[in-house]
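Chain by chain, the residues run as shown.
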Amino acid sequence: MNSVEKQLLSDMQRRTASISIGASTIRKMVPAGSIQQIRDYLAAFDLASFAKVKPAEFPKWLDHQTHAFQKRGLKNGKLPWGVARKCLNIFLRGATYNFMLRDHYNLSRVEYLLEVPLDSHVAERLEDEAATLNGFKSVKAVDRRINAYYQEVAREVAQGKGIARVHLDLEYWRPKKKDLK
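Attention here is on the structure that accompanies the text. (Residues numbered from 1 in each chain as written. Predicted model: local features only at pLDDT ≥ 70, side-chain atom pairs only at ≥ 80, totals over all residues. Heavy atoms only, no water.)

**Description of the overall build of the chain**
Reasoning step 1: The helix and strand inventory of the chain stands at 10 helices and zero strands.
Reasoning step 2: When the helices and strands of the chain are placed in sequence order, the string is α-α-α-α-α-α-α-α-α-α.
Reasoning step 3: In summary, the chain has a C-alpha radius of gyration of 16 Å against a globular reference of 16 Å for 181 residues, a match within 12%.
Reasoning step 4: Summarising its shape, the C-alpha atoms of the chain cover approximately 55 × 40 × 40 Å along the three principal directions.
Reasoning step 5: Here the chain, with 181 residues, has 49% of them falling under the buried criterion.
Reasoning step 6: Expressed as a percentage of contacts within the chain between residues at least 6 apart in sequence, the contacts between residues at least 24 apart total 66%.
Reasoning step 7: About 10500 Å² of surface is accessible on the chain, with carbon and sulfur atoms providing 51% of the total. (Helix = DSSP H or I, 4+ residues; strand = E, 2+ residues; numbered from the N terminus. Rg over C-alpha atoms; globule rule 2.2 N^0.38 Å. Buried < 20%, exposed > 50% of the residue type's maximum accessible area, 1.4 Å probe, protein only. Contact = heavy atoms within 4.5 Å. Areas by Shrake-Rupley, 256 points an atom, 1.4 Å probe, with all protein chains shown as cover.)

Now the structure itself:
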């Protein structure tokens, strides 16, 4: 790969980080001025290591990445675990949806491993799907255990629909309004 291609991929990753993490993504979850720090961290994220993760190792790898992001995502303070995981999941989804990053890093092989980014909209819809879920209070309050419960239900729901669980966000984030008749 030549230097122009390397720069293009770097720019594409930076753009993906920027559009993945908007102000509404982290509103009231982190101190003011944190958005650029989060975007910078994700723009430098090692997508090559992500692409090489073996399916059986993915949950452990994602937990490790979440903890690393928690510690280093902000210069002045630590990201709450749920916020770090949500941002990481949104960014990884964005990278997988970007055809240039997807092709270069062969991200199609990890698509079915990705988690649905957990927020109040997704949690509410998953709670509608499974009466056993009721632990969601806020993204900031999400921990590894709560996330695992919701991700397992998301996996089952997505499997029933024949899609990867990451794609549930497309349906859950802004549901279509029912026709008024």
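After that view, the rundown keeps rolling.
**Topic: the nonpolar core**
Reasoning step 1: Ranked by size, the top nonpolar core spans 58 residues in total, and within it Ile38, Phe50, Leu92 and Leu126 carry the most contacts.
Reasoning step 2: It is helix 6 (residues 81–97) that provides the largest number of residues to this core, a total of nine residues.
Reasoning step 3: In this view, Leu126 contacts Leu133, Tyr150, Val153, Ala154, Val157, Leu168 and Tyr172; residues no more than four positions away in its chain are not counted. (Core = buried A, V, L, I, M, F, W, Y, C linked by side-chain atoms within 4.5 Å.)

**Regarding unusual backbone geometry**
Reasoning step 1: Residue Asn106 is not a glycine yet carries a positive backbone phi of 55°.
Reasoning step 2: Following the sequence through the fold, Asn106 ends up in the loop between helix 7 (99–105) and helix 8 (120–129).

**Digging into the pattern of salt bridges**
Reasoning step 1: Enumeration according to the criterion identifies nine salt bridges in this entry.
Reasoning step 2: Residue Glu171 pairs with Lys161 through a salt bridge whose shortest N-O separation is 3.2 Å. Placement of Glu171 in helix 10 (residues 168–172) and of Lys161 in helix 9 (residues 144–161) is noted, with a sequence separation of 10 residues between them.
Reasoning step 3: A residue is classified by how much of its surface remains accessible, and Glu171, at 31% relative accessible area, is partly exposed.
Reasoning step 4: For Lys161, a relative accessible area of 40% corresponds to the partly exposed category.
Reasoning step 5: Connected through shared salt-bridge partners, Asp63, Arg85, Glu115 and Arg144 make up one network. (Salt bridge = Lys/Arg side-chain N within 4 Å of Asp/Glu carboxyl O.)

**Focus: the environment of Val153**
Reasoning step 1: Here Val153 lies in helix 9.
Reasoning step 2: Through-space distance from the C-alpha of Val153 to that of Ala32 is 33 Å; in sequence the pair is 121 residues apart.
Reasoning step 3: Those residues within four positions of Val153 in sequence are excluded, and the remaining contacts are Leu126, Ala130 and Leu133.

**Observations regarding the packing of aromatic side chains**
Reasoning step 1: Under the criterion given, the structure shown has seven aromatic pairs.
Reasoning step 2: Taking the centre distance of 6.4 Å and the plane angle of 50° together, the rings of Phe50 and Phe58 count as tilted. Of the two residues, Phe50 and Phe58, neither departs from the other in class, the shared state being buried.
Reasoning step 3: When the ring of Phe50 is compared with that of Trp61, the centres are 5.5 Å apart and the planes differ by 20°; the resulting orientation is stacked. Of this pair, Phe50 sits in helix 4 (residues 47–52) while Trp61 sits in helix 5 (residues 58–72), and the two are 11 residues apart along the sequence. When sorted by exposure, Phe50 lands in the same class as Trp61, which is buried.
Reasoning step 4: Cluster of aromatic residues (ring-pair linked, three or more members): Phe45, Phe50, Phe58, Trp61 and Phe91. (Phe/Tyr/Trp six-rings, centres within 6.5 Å; stacked < 30°, edge-to-face > 60°.)

Don't take any of this as a statement about function, it's just geometry.
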